[in-house]
Every structure is written in C-alpha cells, then in structure tokens.
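Descriptive analysis of the structure
Each chain is listed here by its residues.
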Amino acid sequence: MSKDRSVQKLQAAGGSGQVRSVRETMTALIREAQRQHSGGPVAKGEAAFESAQHMRFYGGGSPMLPESLRGLLRETEPSRRLSELVLPRQTMIDMRDLIAEIRDTALLRSHSLEPRHTVLLVGPPGTGKTSMAAALAAELALPFLTVRYEGLIGSYLGETASHLQDVVDYASRTPCVLFFDEFDSVGKERSDAQETGEIKRVVSSLLLHMDALPSHCVVVCATNHPELLDRAVWRRFELRLQLPPPGAAELRDWFNRTEKSFGDLGMTSKEFVDLFSGETFSELEAITIDARRKVVLSHGELAPRDAFLGAVERWERRRNIGDFVASGPTTNRQNPSRTRATNKKTRKAGVLPQGDLLGGAGDTSGS
Ligand SMILES: Nc1ncnc2c1ncn2[C@@H]1O[C@H](COP(=O)(O)OP(=O)(O)O)[C@@H](O)[C@H]1O
Ligand SMILES: [Mg+2]
C-alpha cells in the first residue's frame, strides 16, 4: 500500500471510528517506513504503538458513558495486558483463543459464524478475575464497563428491571466488555429475604439477557460461588475458566518476573514456592509493592533483597493478626507454620461444579 493511500485510508477509518482498520493501516505505515530505514527509531515507534494499542482511539480515555448511565456502570482504564498476568498455561490458551475469535469476527461472520462472547471466571479473591476481565478489554481495545449494583438495584418495584434494560440497551449499541464482578456477593449483603430474592431474580434475568446481546458486547462474570447461581443460567456461559490460587509453576513464574524487574529477592525460587504455597497473587502483589515502596523511600539505599525480606516479615505479622481474630490465639502465636497449613485447609476455592452442571443435570436452585 502506498504511503498516500495509507494516509487516506487512515483518515477515513479514524473518522468513522474503525479501530481495527486504523490499527492495520498504522502497522502497514510503520512497516513501510521500517523497510526504508531498516530498524532504528521506527522499530521503537512500532513498539510504542504496540504498547498503546490497548488505548481506545476515541475520547482519549475520557469517560464516554452517557450521564444517565454513570450510576449503573463504571468505566475504568485497564492497567494490564494479558501477558502481564501469570496464568495456568491452558487458561492463557483459552483466553487467547477467545481474543482471536472476537478480533476476527468479520471472517467468522462471512461464514455465518459468531465469536463466543460470554465468559464466567470462577476463583477465590485475589486470583485475577477482575484483572483478567480488564486485560480482555485492553486486548480488544474495548471500553471496560463494570456494573454498579448499588445503582442497579432500585428501591421501588420495576426500577431494577428498568435499570437493567438501560444497561442492556446501551451494551447492545456499544462494543464493550461488560463486567459483573462477584455478583453472588450482592445478594448476601442484604439481610431481607425478599430483597435477596429480588436480587437473585435480577442476576438471573440479567444473565438471561446475555443471549440477546450482540457478540460485540463481551459479557464477563466473576464469582467465587458458582453453586449460588441458577444452573440454567450458569450453562449459558460459552467459556468458563477456573482461576485457582497459584500453583508451584505460577509461583516460579512470578518469582522469575519479579527478580527480573525488581532484583534479587534474597531467596531461591524453591524457598519462594514453599513460603507462598496456597497464597493468592494479590498477597504477592501487596508484598512486592510494599518492598518497592521501601526501596523508593530509601532513595536506593535499601537493597531489593532486604526490602523484600522485610516486606515478607511484615506480611507474616499482618497475616497472623488476621488469623488471631478469626481463629483464636493458640495455634497462630505458637506455630505459624501450622497456621499456614490450617489456612490452606479452610480457604477453599470456588470450584467449578463438575458433572451435573457441565453435563446438564436439572436446575435445583429454584429461582
Ligand atoms: N494471575 C495474576 N497474575 C498477576 N497478578 C495477579 C494475578 N491475579 C491477581 N493478581 C494481582 O492481584 C491483584 C488482585 O487481583 P484481582 O484481579 O483483583 O483478583 P480477583 O478479582 O480475583 O479478586 C491484582 O491487582 C494483581 O496485581
Ligand atoms: Mg475482583
């Protein structure tokens, strides 16, 4: 493609908001310039463009939501790409497959096929459900919209249904990743049985709307308790992924990445794996950020390994305080390693129900 034609195409595509076309034309221009200059600053240009691909081309990150929907949806800018997350190999493959399908919607449609666009993420807190939903939006260059339950659930009859309709109408018109975070917890927060019933109905009908939503709206739901969901609804998700606490391989991966970006952590990868076995990524993230903070505040005086070991010590103290409140003083104070073993036993992941749910047994939830 000649440079002039590329620029014309770019102008046309930019004006009509065709993100994909803009991306392809930009890439063609960069490659052409690269051929002429063989590397150098242009290669950097491509890298910069690649890293900025996740930024939306319209609005420059400013909120695009209509005023009337701001109480129902929250738009956030994803901070991570998928490659920045440590995921089990198969999970990463499944996500990349999904992304490839959605990116190639046009090709699929030319064969009368639609991409999958409904995803259920199951796992305990801190295993990356929210991060993964946001990363999906980043990869697809789509706005990341989280449903605000406090705004959705109305106080008078019919209000909730009408709010829900507003969200669905908007999502039908606007390509986006629509995220329902920890939606089982919404019901639990309300003590009134009638209200809980109302919320359960809302969640069910909301998910039933998924079928009506076009595939340019990617629906992602996160939960730690899939057993609380209406089973018929549960089965509607085309992709269901379990996010377990990190295993040894994921911990080693985290260790290697952190050593690369931060420095020596003062322990071997095996010691790291033994120490953090059964913990979640958000704990690891908190410790690493704590250590980074200390290094910055010391103006570089503190070595990363000392900062990290200090952060681990503070984490162990903090964790034991939580355990003390939850399960009494004896085990925790006297035997921290036993505490860790106890934690592992009691902290049970929200396991994807096997057999009947995936295989199609009857709905027992009664809603
Ligand atoms: N798979 C992961 N890889 C890397 N970091 C992760 C991963 N999962 C979670 N984290 C870190 O833990 C923090 C909390 O994760 P989050 O996505 O909010 O978990 P969840 O939604 O499952 O509670 C994130 O900010 C991120 O830094
Ligand atoms: Mg979350």
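Right above here is the structure, for reference.
Okay, so let's go over this structure. (Residues numbered from 1 in each chain as written. Chains lettered and ligands numbered in written order. Predicted model: local features only at pLDDT ≥ 70, side-chain atom pairs only at ≥ 80, totals over all residues.)

So, the overall build of the chain
How we decide: Secondary structure follows DSSP: runs of H or I at least 4 residues long count as helices, runs of E at least 2 residues long count as strands, and numbering of each begins at the N terminus. Using C-beta atoms placed from the backbone, we call a residue buried if 20 or more other C-beta atoms fall within 10 Å of its own, exposed if 12 or fewer do, and partly exposed for counts in between.
Helices and strands together make up the secondary structure of the chain, namely 18 helices and 6 strands. Each of the 367 residues in the chain was classed as buried or not, and the buried ones make up 26%.

Some points on the site of ligand 1
The criterion, for reference: For each residue, a C-beta position is placed from the backbone atoms; the residue is near a molecule or strand when that point lies within 6 Å of it. Under the convention adopted here, Pro, Cys and the residues Ala, Val, Leu, Ile, Met, Phe, Trp and Tyr are nonpolar, Asp, Glu, Lys and Arg are charged, and Gly plus all remaining residues are polar. The domain limits used here are those given by an automatic or database domain assignment.
In the vicinity of ligand 1, 15 residues are found, and the nearest of them are Gly 128, Lys 129, Thr 130, Ser 131 and Phe 281. Of the residues assigned to the shell around ligand 1, the class counts are 6 nonpolar, 7 polar and 2 charged. Residues from two domains meet in the shell around ligand 1; each of domain 2 (62–244) and domain 3 (248–346) gives at least three.

Concerning the sheet that holds strand β2 (residues 118–122)
What counts, and what does not: In this description, strands pair whenever DSSP reports at least two bridges between them. Under this scheme, a helix contributes an axis fitted over its contacting stretch, all axes are lines through C-alpha atoms, and angles between N-to-C directions fall in the 0 to 180 degree range. Here, residues touch in the contact sense if the C-beta positions derived from the backbone fall within 7 Å of one another.
On the basis of which strands lie adjacent, the open sheet formed by 6 strands has the order β1-β3-β4-β5-β2-β6 and mixed pairing. Edge positions in the sheet fall to β1 (73–76) and β6 (239–242), since each has one partner strand and no second. Across the sheet, the axes of successive neighbouring strands diverge by a mean angle of 25°, strand direction being ignored. Sheet topology places β2 next to β6; 4 bridges connect them, and they run parallel. Looking across to β6, one finds that Leu 120 is bridged to Arg 240. Here helix α6 (residues 129–140) sits on the sheet and contacts β2, β3 (144–147), β4 (176–180) and β5 (217–223); the angle it forms with β5, its principal contact strand, is near 165°.

Quick notes on the packing of helix α12 (residues 248–262) against helix α13 (residues 269–276)
The relative placement of two packed helices comes down to the angle between their axes together with the axis-to-axis distance. What counts is decided by this rule: Reported orientations rely on four angle classes, namely roughly parallel under 35 degrees, roughly antiparallel over 145, roughly perpendicular from 65 to 115, and oblique for the rest. It is the rotation of the near helix from the far one that decides the hand of a crossing: anticlockwise by less than a right angle makes it left-handed, clockwise makes it right-handed.
Direction vectors running N to C along α12 and α13 enclose 125°, while the axes themselves pass 9 Å from each other. In terms of orientation, α12 lies oblique with respect to α13. Crossing handedness for the pair α12 and α13: right-handed. Along its contact with α12, which presents Ala 248, Leu 251, Arg 252 and Phe 255, the element α13 presents Ser 269, Phe 272, Val 273 and Phe 276. Each residue belonging to the contact of α12 with α13 can be placed in one class, and the counts come to 6 nonpolar, 1 polar and 1 charged.

Let's talk about the pairing of β5
For β5, a buried count of 7 out of 7 residues is recorded, marking the element as mostly surrounded by other parts of the structure. The alternating pattern of β5 places Cys 217, Val 219, Cys 221 and Thr 223 and Val 218, Val 220 and Ala 222 on opposite faces, both of which are buried. Bridge count for β2 against β5 is 5 bridges, and the pairing is parallel. In the strand pairing of β5, Thr 118 is matched with Val 219. Pairing analysis gives 5 bridges linking β4 to β5, with the strands arranged parallel. Looking across to β5, one finds that Cys 176 is bridged to Cys 217.

A short note on the nonpolar core
As a reminder of what qualifies: For this entry, the nonpolar core is defined as buried Ala, Val, Leu, Ile, Met, Phe, Trp, Tyr and Cys residues connected by C-beta atoms within 7 Å.
Leu 121, Ala 133, Val 177, Leu 178, Val 218 and Val 220 are the most contacted members of the largest nonpolar core, which totals 44 residues. Excluding residues that lie within four positions of it along the chain, Leu 178 makes contacts with Leu 145, Val 147, Ala 171, Cys 217, Val 218 and Val 219. Core analysis: the second largest hydrophobic core is formed by 13 residues, Leu 251, Phe 272, Phe 276 and Phe 308 among them.

Side note on the environment of Cys 221
As for its position among the elements, Cys 221 is in strand β5. The class of Cys 221 is buried, set by 29 C-beta atoms lying within 10 Å. Remark: the alpha-carbon pair of Cys 221 and Phe 237, spanning 16 residues in sequence, is separated by 9.1 Å. If we ignore the near neighbours within four places in the chain, the residues touching Cys 221 are Leu 120, Phe 180 and Phe 183.

Examining the environment of Phe 180
For Phe 180, the position within the fold is in strand β4. Spatially, the C-alpha atoms of Phe 180 and Leu 120 are 9.6 Å apart, while their sequence positions differ by 60 residues. Excluding anything up to four places from it in sequence, Phe 180 contacts Val 147 and Cys 221.

Considering unusual backbone geometry
The phi dihedral of Ala 141 falls on the positive side, at around 55°, and the residue is not glycine. Secondary-structure assignment places Ala 141 in the loop between α6 and β3. For His 299, which is not a glycine, the phi torsion comes out positive at approximately 55°. As for its position among the elements, His 299 is in the loop between α14 (281–297) and α15 (304–327).

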